[in-house]
Amino acid sequence: MSGRAPSPRVRRVRVPSFLAGRCVPSDPGSLLHHPGSRRHTGKMAALLPAEWIKNWEKGGKNEFVQLCRTLSENKSHDTMGFRDIQQALYELAYHVVRGNLKHDQASNVLGDVIEFREDMPSILADVFCILDIETSCLEEKSKRDHFTQLVLACLYLVSDTVLKERLDPETLESLGLIKQSQQFNQKSVKIKTKLFYKQQKFNLLREENEGYAKLIAELGQDLSGNITSDLILENIKSLIGCFNLDPNRVLDIILEVYECRPEYDDFFVPLIESYMYMCEPQTLCHILGFKFKFYQDPSGETPSSLYRVAAVLLQHNLIDLEDLYVHLLPGDNAIIEEHKREIVEAKQIVRKLTMVVLSSEKTEEKEKEKEKEEEKTEKPPDNQKLGLLEALLKIGDWQHAQSIMDQMPPFYATSHKSIAIALCQLVHVTIEPLYRRVGVPKGAKGSPISSLPNKRAPKQADSFEDLRKEVFNMLCYLGPHLSHDPILFAKVVRLGKAFMKEFQSDGSKQEDKEKMEILFSCLLSITDQVLLPSLSLMDCNACMSEELWGMFKTFPYQYRYRLYGQWKNETYNSHPLLVKVKAQTIDRAKYIMKRLTKENVKPSGRQIGKLSHSNPTILFDYILSQIQKYDNLITPVVDSLKYLTSLNYDVLAYCIIEALANPEKERMKHDDTTISSWLQSLASFCGAVFRKYPIELAGLLQYVANQLKAGKSFDLLILKEVVQKMAGIEITEEMTMEQLEAMTGGEQLKAEGGYFGQIRNTKKSSQRLKDALLDHDLALPLCLLMAQQRNGVIFQEGGEKHLKLVGKLYDQCHDTLVQFGGFLASNLSTEDYIKRVPSIDVLCNEFHTPHDAAFFLSRPMYAHHISSKYDELKKAEKGNKQQHKVHKYITSCELVMAPVHDAVISLHLPKVWDDISPQFYATFWSLTMYDLAVPHSSYDREVNKLKVQMKAIDDNQEMPPNKKKKEKERCTALQDKLLEEEKKQLEHVQRVLQRLKLEKDNWLLAKSTKNETITKFLQLCIFPRCIFSAIDAVYCAHFVELVHQQKTPNFSTLLCYDRVFSDIIYTVASCTENEASRYGRFLCCMLETVTRWHSDRVIYEKECGNYPGFLTILRATGFDGGNKADQLDYENFRHVVHKWHYKLTKASVHCLETGEYTHIRNILIVLTKILPWYPKVLNLGQALERRVHKICQEEKEKRPDLYALAMGYSGQLKSRKPFMIPENEFHHKDPPARNAVAATVQNGPGGAGMPTSLTINTVRLEEGTTEETDKLKEKSQGVVKVINKAVNATPKVTTSNGNSASNSKITKEKDDKEKSGKEKDKEKKDKTPAATPEMKALGKDGKDKPKEERANKDDKAREIKEKTPKSDKEKEKVKKEEKASKEEKSKTVVTIIESKSTAEKEREKEPSRERDVAKEMKSKENAKGGEKVPVAGSLKSPVPRSETSESEREQKRRKVDTHSSPSHSSTVKDNLNELKESSAKHYINHTTPTLSKSKEREVDKKDLDKSRERSREREKKDEKDRKDRKRDHSNSDREVPQDSTKRRKEENGTTGSSKHSKSESPSDSPRLNEKEKEKNKSKSSGKEKGDSIKAEKMEKSSSGSKKESRHDKEKPEKKEKRDSTGGKEEKKHHKSSDKHR
């Protein structure tokens, strides 16, 4: 430098590079062969071979020169060429030293070689240096002399200065280059000291102000002209030299001036760069570091200009970031500590907000907080690292900025607002061109942002691909702090929208698509990490929320929900600020929710809206948690959500689904019998909120579908609520009959009169629901899943759950299916529906949909099809006649239904179609109530309501006229719609009835028996459909009536009704709660029809008199219509109806006494439903009332829901009591005149006087025998007929027509008995007090007029027996009376038993495989069993049965018992009841002598009390001894104590039922339940015998009468057995005998 004194040359010994790091060998000669000197010593020898030296002048010299030239061509210092030259020169010089070559020859050749390279003199000097060291060590002086001569010869080639640097001072002296080596050494030491150890004294500012003043003037001049940095640099150098200025101080001043003139980057940066060539590289960094250090005092504040200068120097790589970073404060450790402290503070704030603080503590807390805040407000020390970072961002040096941020905790840097804003500004600049091109909304001007003047700033983005390079990265560093710049937020979102538009268009190539996929995933990451967290930190900016929704709505809901999930559950824990925000949001939400009521919905709603714009997930999570606890919040919350943005509604949908899917919440209450209230509340909220606001449903619907796929049906509750609220389709079992009636009309009538709430404005919401289902293809899958799940509930979800809950889930599944199917049918267009629902056989066989559900889904399709075909045909031909129309309708039905008829054949076994045709089956399942009848009364009711409304509008003076006009117009329009709809339905119903009239002849084929036909009809049509929905229940009853009215061939109405009413226990027991309600409706409608016919002879004659359904004998040939004698007359029909009422009472009492929850609940539901028509008879009503009263008492504490049901029914029953009538008013009990009976006999079989039980049995027997005619021909010779001479219910004898002798004989006997029967009846009437209503109920089992006397006697005798233990006198008297009749009977009986047992044997011989073929076959067998029983059942004779007969009967009984269908066993049960009564009566006749009236009354009272007392004592005793005793089933001779319900289950119903001991009337005694039946199966006939005998014993001992011999007891017992189908009857007898105790 010009300012510095030139330093003298100091010789430094420098080892040549080719020998660096090697030790010098003692023998110089060995150097050539030193192993380290070269990789291959051979090659070294090859460089200068010995031949060249020998022939030096001839060719050696030239070879050497050529070698050097070749080696010199490679000029690199690092390569082997450089080393080879050194080696060659060294070898040459060494040959001279050894004397092989003369020094002048060497100097000449070196003179030639020296020109080949610029650095050749230096290389030669290095060689001399090595040789100097080597030769000085040698003792041979000659070699040293040779060396000296060589150097002297080469002095002209190497400058003396170079040699002075490298050779020893002694050598230099000997060469004559210096005078004295000692002086030379001293001089070099002095120069070194001056150079390295003495400080150079430059002038500083205070010493040489002129120089510095000139420097500042030089730098501060106007730089706008032609002044360049080079020119100024030369001037600066001159000033430094002239004024001896300190170069470092000069550099410092240049930086100071640059700080003050930041606009002259282009001048100062090159100046500093040039200046730095003269300085050490670290100097600039040290000077900057010193400047930063100066400002590190606590009070110091680093100026931004210094940051900027440092940033620019960094950007131009004049300094390294690592070098400067160490000079900056605070240290990285301090920054990490601070970050941790912030997190802890945030958590403390959260804890404070969630803590419950008492008011006294609050004030203290607040004061402390204030003090802390004041402390905090003291300015924190300057963070120079952040300052530098900000400066880097401002000038666009992203690389260095990024590396600074990487040194700090995540988001620490951007959490400082200034840095976040600087980074945002950088992003603004970077995305500008792309945003201007694709992001600016139409019509918006915007304010363009100019690019940075800096060429080193990041490249601006012109395409979406460019965003990936820098912008996404910058945004990730920003994180939640993008919230500082809402405008940039909006820009990024708009770019996202534009990208999604391009992404979703299909036109791109495969490569582009892959790139777009990557960009899409980047966009999702940015949304998750930047956009949503930033929204949380923004202060309720609704516009941003809407802007974001613009992009979000282009994402599929799966992606959206994933983002919301991350936002809600993870994002808020990632940053201290977000932790605070979450706590504040919850705090605020609590504040609002505490004050939310119906009255302040608006203001609270606004507050909720404000809060939701930024933090919807947190807010909704809290609101939903409150709703789950307090369901009364639902309405106000739903109303208050009207200020939300679209994004918030979508987030709400997600939050609801997340709350529903919460795995930590139990879906059942602790009692495991009901669905949890939180789930019910959420479902209700769902329905309301989705209806009111435009929220996307796809996610929720898919969630329900997924739950169903997983076999969970709890969440169907949600679907049920959503469909109910959005589509206005209610599903409730509590519909009134008026509503039900309205539901059978058109859509308008349904909307007006069919629902509880008047449902309005569901058009939009139902459209939204429909669109969601269709867009995501969920309509049919949901239906199929529900249909499959309904049957799966019991197996998949039943498990350990309470039966009540399983029933509830089953009902929920079923109800939702019905509701959802109804919604689809009414809302989907014909095309949509037909396109989605497959044919019936596919539904059932491929999708395994239950038949009832499959037809339910297909039904609207058939209706659509038929109506569209009908319209086509009408358009094709213009004929307007009604007949033409009907014909076209029928044609269209045939076209549509023909494929259905074919399809249904695959649904059942071929055997089924022997009895009913596929056409009948399809017709039954495809029609609805709308097709069968017009609800005129409903239409009238609704029209009248509208008229009243219009009148009220007219009378209303306050209503403004224009509103009046509008309302009236609305009412008038509605009225017109309803009338039009009624007219349309009427025409439709007429067409349908015409169609059915034509079809009916092909309906029932009756290839087997009529009984079998009815079985199939009930089993496959009526029972499955009547419990499907309330309207279907009504439909089934109407359909049965319709089939009857149409005079359908082969359909026995009587048999059908009998089957329905006869034994309802099984059906009731197997229903769920809602099914029981529907079954009750069905029975109610059936009873209504029966009651109408029962009420008036005229109606009966008109509607049933001449109809084939009321034939008492049905031959396979069908109905000839002529023979009035074959019809059931009115009086007998009344007896039948009474029998049905009695059967219902029996079944009801049985169910009530079982103690089973399901039995009791279901029968109470059914009884409540049939209350309008049953009970009508006073004594039956009283029997029920007592039993229900008992239930009320027992269940009050145990099962409150049963108690509530029983109380409800009890109250209603009491209110019906005034309308009940005595039995003799319900049907005539007096016997007909004798000539009438004679007429009956002459008329032949099935005459008017025939008793009903027999009538129906006759039908059954007749049908049973048709199949077995061949087998029985040998025995009976001809068509079997049953002749009944029924005055005393004498044996029903089956004889051949040809057997006239025996026939007349029997007639005679019966006439005699008729007389004796009448006398006895008279006698009884005299002796017995007026029968109580209870008594009346007892003996009645539907026995008609001719049998009435006997029945009466039965009743009264049994009543007396039960009430009072009789004296021996009475017993004897009755025995005598009975003897005569017995003797007469015995003769006829024997023959019948024989023929009966033979017939049975033959039937048993039928191959057993036939039974295994199918259920149908079984039911047929059962029916046969049922048919035959009554014949034997009414025979009374002391003749004992043979053992074979006994076992046959046992087998037969098993067959009947095991059958599943309730309708099958009903026939058997009817007759069993008769048998029971007759056998009981028989027994009474042996034991009951008569008393005078007054005595009897007294005895009655006393003994009744005694018997009650005894029974109570016995109960207590039994209770005590129960645990000690272990009884065998077959030997059971004690009744089961009252409370031992569990034990009874275990023992499978041994002796009596637990509650029998208290019952007072046989009508109260329960009939066999399933468990008893099962038990019966396992018993042998011998055991049964023993059982019944023991029961008899107990009965007698408890009534206090004398003990009779075993033989006496066995007699009636055997009779009883013979008359029953096995153990069933005997069981019943046990029960009745238990009661006598």
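My aim in this report is to walk through the structure given alongside it, one point at a time.

Our next topic: the overall build of the protein chain. Tallying secondary structure elements over the protein chain gives 76 helices and 2 strands in all. When burial is assessed residue by residue, the protein chain has 56% of its 1637 residues classed as buried. A separation of at least 24 residues holds for 78% of the contacts in the protein chain among residues at least 6 apart in sequence. In the form shown here, the protein chain has an accessible surface area of approximately 73,300 Å², with 52% of it arising from carbon and sulfur atoms.

Once that is clear, we can look at a nonpolar patch on the surface. A cluster of nonpolar side chains, namely L195, F196 and Y197, defines an oily patch on the protein surface of about 410 Å² accessible area. You can see Y197 is positioned in helix α10 (residues 181-197).

Quick reminder: α-helices carry 3.6 residues per turn. Residues three or four places apart thus point the same way. Counted at 1.5 Å a residue, the expected span for helix α33 (residues 677-692) with its 16 residues is 22 Å, and the 23 Å between its end C-alpha atoms agrees. Among all positions in α33, only W678, L679, S681, L682, A683, F685, C686, G687, A688, V689 and F690 are buried. Residues of α33 that are buried make contact with α30 (616-629), α31 (634-640), α32 (646-660), α34 (698-709), α35 (716-727) and α38 (763-775).

Counting across every chain of the model gives 49 salt bridges. With a closest N to O distance of 4.0 Å, D832 and K835 form a salt bridge. Of this pair, D832 and K835 both sit in helix α41 (residues 830-836), separated by 3 residues, roughly a single helical turn. The class of D832 is buried, set by a relative accessible area of 16%. K835 gets classed as exposed once you look at its relative accessible area, which sits at 63%. A salt bridge links K968 to D954, with the nearest nitrogen and oxygen atoms 2.9 Å apart. One end of the pair, K968, is in helix α48 (residues 961-999); the other, D954, is in helix α47 (residues 936-955), and 14 residues separate them in sequence.

Here R249 is to be found in helix α13 (residues 247-260). Spatially, the C-alpha atoms of R249 and L204 are 7.4 Å apart, while their sequence positions differ by 45 residues. In contact with R249, other than residues within four places in its own chain, are L205 and Y212.

Here the focus is the packing of helix α3 (residues 56-72) against helix α5 (residues 103-113). Packed helix pairs are characterised by how far apart their axes lie and by the angle those axes make with each other. For the pair α3 and α5, the least separation of the axes is 10 Å and the interaxial angle reads 35°. Crossing of α3 against α5: the hand is right-handed. Contact residues: α3 offers W56, E57, K61, F64, V65 and C68, while α5 offers Q105, N108, V109, D112 and V113. Broken down by class, the residue content of the contact of α3 with α5 amounts to 6 nonpolar, 2 polar and 3 charged.

A ring pair, where both rings are aromatic, is described by two values, the distance of the centres and the angle of the planes. Going through the model one piece at a time under the given rule, you end up with 51 aromatic pairs. Centroid distance F1017 to F1039: 6.4 Å. Interplanar angle 40°. Geometry classified as tilted. Residue F1017 is located in helix α49 (residues 1010-1026), and its partner F1039 is located in helix α50 (residues 1030-1045); the two are separated by 22 residues in the primary sequence. Overall, F1017 belongs to the buried group, its relative accessible area being 1%. Seen from their ring centres, Y1057 and W1140 are 6.3 Å apart, and the 25° between their planes marks the pair as stacked. Of the two residues, Y1057 is situated in helix α51 (residues 1053-1062) and W1140 in helix α55 (residues 1130-1153); the sequence distance between them amounts to 83 residues.

What is expected of a backbone is that most residues other than glycine have negative phi and most peptide bonds are trans. In the segment running from L329 into P330, the intervening peptide bond is cis, with an omega of -5°. Position of P330 among the secondary structure elements: in the loop between α17 (321-325) and α18 (332-354). With omega at 0°, the peptide bond leading from Y1174 into P1175 counts as cis. Positionally, P1175 belongs in the loop between α56 (1157-1169) and α57 (1178-1198). Look at K1047: it is not a glycine, yet its phi comes out positive at around 55°. With respect to the helices and strands, K1047 occurs in the loop between α50 and α51. Phi is positive for N1050, close to 65°, though the residue is something other than glycine. With respect to the helices and strands, N1050 occurs in the loop between α50 and α51.

Along its 15 residues, helix α12 (residues 229-243) runs 21 Å from first to last C-alpha, staying within 8% of the 21 Å computed at 1.5 Å per residue. For α12, the full list of buried residues reads S229, I232, L233, I236, L239, I240 and F243. Buried residues of α12 fall within an arc of 120° about the axis and therefore sit on the same side. The secondary structure elements touched by the buried residues of α12 are α11 (209-220), α13 and α14 (265-276). Within two residues after α12, N244 carries a phi angle of roughly 50°, on the positive side.

Quick look at the packing of α38 against helix α40 (residues 803-827) now. For the pair α38 and α40, interaxial distance at closest approach is 11 Å and the crossing angle is 100°. With respect to α40, the element α38 is oriented roughly perpendicular. Counting all contacts with α38, which are made through S766, L769, K770 and L773, the residues of α40 involved are F820, F823, L824 and N827. Partitioning the contact of α38 with α40 into residue classes produces 5 nonpolar, 2 polar and 1 charged.

So, about the nonpolar core. By size, the foremost hydrophobic cluster in this structure holds 316 residues, and its most contacted members are L388, F685, L782 and F1082. The greatest single-element share of this core, amounting to 11 residues, is contributed by α32. Here F685 is in contact with L624, I627, I634, V637, V638, L641, L652 and I656, once residues within four sequence places are set aside.

Definitions and cut-offs
Residues numbered from 1 in each chain as written. Predicted model: local features only at pLDDT ≥ 70, side-chain atom pairs only at ≥ 80, totals over all residues. Heavy atoms only, no water. Helix = DSSP H or I, 4+ residues; strand = E, 2+ residues; numbered from the N terminus. Buried < 20%, exposed > 50% of the residue type's maximum accessible area, 1.4 Å probe, protein only. Contact = heavy atoms within 4.5 Å. Areas by Shrake-Rupley, 256 points an atom, 1.4 Å probe, with all protein chains shown as cover. Patch = residues over 30% accessible without salt bridge, like charges linked within 9 Å, V, L, I, M, F, W, Y side chains within 5 Å. Salt bridge = Lys/Arg side-chain N within 4 Å of Asp/Glu carboxyl O. Expected span 1.5 Å × (residues − 1). Axes fitted to C-alpha atoms, helices over the stretch in contact; angles between N-to-C directions. Left-handed = near helix turned anticlockwise from the far one by under 90°. Nonpolar A, V, L, I, M, F, W, Y, C, P; charged D, E, K, R; others polar. Phe/Tyr/Trp six-rings, centres within 6.5 Å; stacked < 30°, edge-to-face > 60°. Arc of directions from axis to C-beta. Parallel < 35°, antiparallel > 145°, perpendicular 65-115°, else oblique. Core = buried A, V, L, I, M, F, W, Y, C linked by side-chain atoms within 4.5 Å.

The values are spatial; any link to function lies outside them.
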